[in-house]
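# Structural characterization, general
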Amino acid sequence: MVTNQHPLGGIPLTPQEAADLVNRPGPAGVYQCFLGQDKDATPAERQLAAEVLASNPAIRQMAQDNRRFLGRAVRYAVGEAGIRQILDIGTGFPTNDNGHQVARKVAPDVTTVYVDNDKRVTAHGRAFLDDEKSTHFLYADVRIPGELQYTTRVQRLLDFDQPIALMLVAVLHFVEKQDEPYNIVDSLVGALAPGSLVVISHALDDESLRPGARTYQRATSRAVLRTATEVGAFFKGLDVVDPGLVAPNDWRPEQADLVAPLDRVPVLCGIGRKP
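Bear in mind the structure is a predicted one, so any value in this text is a computation, not a measurement.

### Focus on the nonpolar core
Nonpolar side chains tend to gather and get buried jointly when the protein is soluble and globular. Membership of the largest hydrophobic core comes to 25 residues, with the highest contact counts inside it found for Leu 87, Ile 89, Leu 166, Leu 168, Leu 172 and Val 198. When residues of this core are traced back to their parent elements, those giving at least two are β3 (85–89), β4 (111–116), β6 (165–169), α8 (181–190) and β7 (197–203). If one sorts the elements of this core by residue count, α8 sits on top with four residues. Not counting chain neighbours up to four residues away, the residues in contact with Leu 172 comprise Val 185, Ile 200, His 202, Arg 226 and Phe 234. Grouped together as the second largest cluster of nonpolar side chains are 24 residues, Phe 69, Ala 170, Val 199 and Val 241 included.

Structure, rendered in structure tokens:
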């Protein structure tokens, strides 16, 4: 039963979602705070972000490094790999240099589908895109079997007989063990055509991140840190693109990235190609 409407876009909220909107921080809003773009975040999200940053101020740089990696990954996928379709799951709020904008600077004929399980994000995304014809924003939860994959919504927008760049950037560390994250990734990859790319970044199980991860216990999605071996298992059956699984700043850094501090952060990222 729907009893509330989100003020942006009229997307219906269940009573629990309406309560969560006020009382429980969402990862997308917290991430925006890390990026210094908190205008769409709730007070609860700003508070959680402040506590996480107090436990480790470098997490702000980690978010920025991750964002730069996403841009380089899109340029690689569209430029070097020649892919013209992007499926970005767990995209978060629209911000600067979004994936579709980066892609279009390389090739104007790219189709991008964003998916997020936060209805606020979906509403903001749709408002941001407005009259875009080849970029779309869908609401779905990758943790719920069948909600995203093989839906007519996605299949109507993307051609699964052609390569797709599947973006799972800073999202899998919000998928808990009981939600079977490896089965989710296997299922998503299984739907892709040969030559598709899978882009992943994931926070590592590092002492410097554990206090902040515990803070997410009161968020709508809890943070799950994994070892490098566990992150590497997401690439099972894929050909990992050089330079392999590395810190964000080490994945094909561009000249513009070199102005940023090159401190290593406890995040692993990489791109796998489906044979």
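We are not done yet, so read on.
### Quick notes on the pairing of β7
Counted residue by residue, β7 has seven buried out of seven residues, so it is predominantly covered. Because side chains alternate across β7, one face comprises the buried residues Leu 197, Val 199, Ser 201 and Ala 203, and the other comprises Val 198, Ile 200 and His 202, equally buried. Bridge analysis of β6 against β7 gives five bridges, and the strand direction is parallel. Across the sheet, the residue bridging to Leu 166 is Val 198, located in β7. Following the backbone out of β6, through α8 and into the adjacent parallel β7, one traces a crossover that is right-handed. In terms of strand pairing, β7 meets strand β9 (residues 267–273) through seven bridges, oriented antiparallel. Residue pairing across strands places His 202 opposite Leu 268, the latter belonging to β9.

### Quick notes on unusual backbone geometry
Excluding glycine, most residues fall at negative phi; most peptide bonds, likewise, are trans. Looking along the chain, the bond that leaves Asp 242 and enters Pro 243 is cis, with omega of 10°. Tracing the sequence through the fold places Pro 243 in the loop between β8 (239–240) and β9. For Glu 180, which is not glycine, the phi dihedral falls at a positive 55°. Among the secondary structure elements, Glu 180 is positioned in the loop between β6 and α8. A positive phi angle, close to 45°, is found at Arg 252, a residue other than glycine. Examined against the element boundaries, Arg 252 turns out to sit in the loop between β8 and β9. Exposure remark for Arg 252: the relative accessible area of 31% places this residue in the partly exposed category.

### Structural notes on empty space enclosed by the protein
The tally for this structure, following the rule as stated, stands at two cavities of 30 Å³ or more. Quantified by volume, the second largest cavity comes out at close to 40 Å³. As for the second largest cavity, its lining consists of Thr 91, Gly 92, Phe 93, Pro 94, Asn 98, His 100, Tyr 114, Phe 128, Leu 129 and Phe 137. Here the lining of the second largest cavity is composed, by residue class, of six nonpolar, four polar and no charged.

### Concerning the environment of Thr 112
Along the chain, Thr 112 turns up in strand β4. Look at Thr 112 and you get buried, because its relative accessible area is 1%. With 53 residues separating them in the primary sequence, Thr 112 and Ala 165 have C-alpha atoms 9.4 Å apart. Among residues more than four places away in sequence, those in contact with Thr 112 are Ile 86, His 100, Ser 134, Thr 135 and His 136.

### Digging into the environment of Trp 251
Of note, Trp 251 is situated in the loop between β8 and β9. The class for Trp 251 is buried, based on a relative accessible area of 1%. Separated by 182 residues in the primary sequence, Trp 251 and Phe 69 have C-alpha atoms spaced 7.0 Å apart. Not counting chain neighbours up to four residues away, the residues in contact with Trp 251 comprise Phe 69, Arg 72, Ala 73, Tyr 76, Val 241, Asp 242, Pro 243, Gly 244, Val 246, Cys 269, Gly 270 and Ile 271.

### Observations concerning helix α4 (residues 58–80)
End to end, α4 covers 32 Å across 23 residues, agreeing with the expected 33 Å (1.5 Å per residue, within 8%). Count one or two residues on from α4 and you reach Gly 82, which has phi positive near 70°.

### Quick look at the sheet that holds strand β5 (residues 135–139)
Strands sit in the order β5-β4-β3-β6-β7-β9-β8 across an open sheet of seven strands; the sheet is mixed. Each edge of the sheet is formed by a strand with only one pairing partner; in this case those strands are β5 and β8. The sheet strands contacting α4 are β3, β6, β7 and β9, and the helix crosses β7 at an angle near 170°.

### Digging into helix α3 (residues 43–55)
Given 3.6 residues per turn, any residue in an α-helix points the same way as the ones three and four places further on. Here α3 spans 19 Å end to end across 13 residues, near enough to the 18 Å set by a 1.5 Å rise per residue. For α3, the complete set of buried residues consists of Ala 44, Glu 45, Leu 48, Ala 49, Val 52 and Leu 53. Relative to the axis of α3, the buried residues are bounded by an arc of 165° and lie together on one face. Away from its buried face, by an angle of more than 90 degrees, α3 presents the exposed residues Pro 43 and Ala 54.

Cut-offs applied
Residues numbered from 1 in each chain as written. Predicted model: local features only at pLDDT ≥ 70, side-chain atom pairs only at ≥ 80, totals over all residues. Heavy atoms only, no water. Core = buried A, V, L, I, M, F, W, Y, C linked by side-chain atoms within 4.5 Å. Buried < 20%, exposed > 50% of the residue type's maximum accessible area, 1.4 Å probe, protein only. Helix = DSSP H or I, 4+ residues; strand = E, 2+ residues; numbered from the N terminus. Contact = heavy atoms within 4.5 Å. Pairing = 2+ DSSP bridges. Right-handed = clockwise from strand over helix to strand, strands pointing away. 1 Å grid on protein atoms, 1.4 Å probe; cavity = no way out; pocket = protein on both sides within 12 Å on 5 of 7 lines; lining within 4 Å. Points joined across faces, edges and corners; volume = space filled by probe spheres on them. Nonpolar A, V, L, I, M, F, W, Y, C, P; charged D, E, K, R; others polar. Expected span 1.5 Å × (residues − 1). Axes fitted to C-alpha atoms, helices over the stretch in contact; angles between N-to-C directions. Arc of directions from axis to C-beta.

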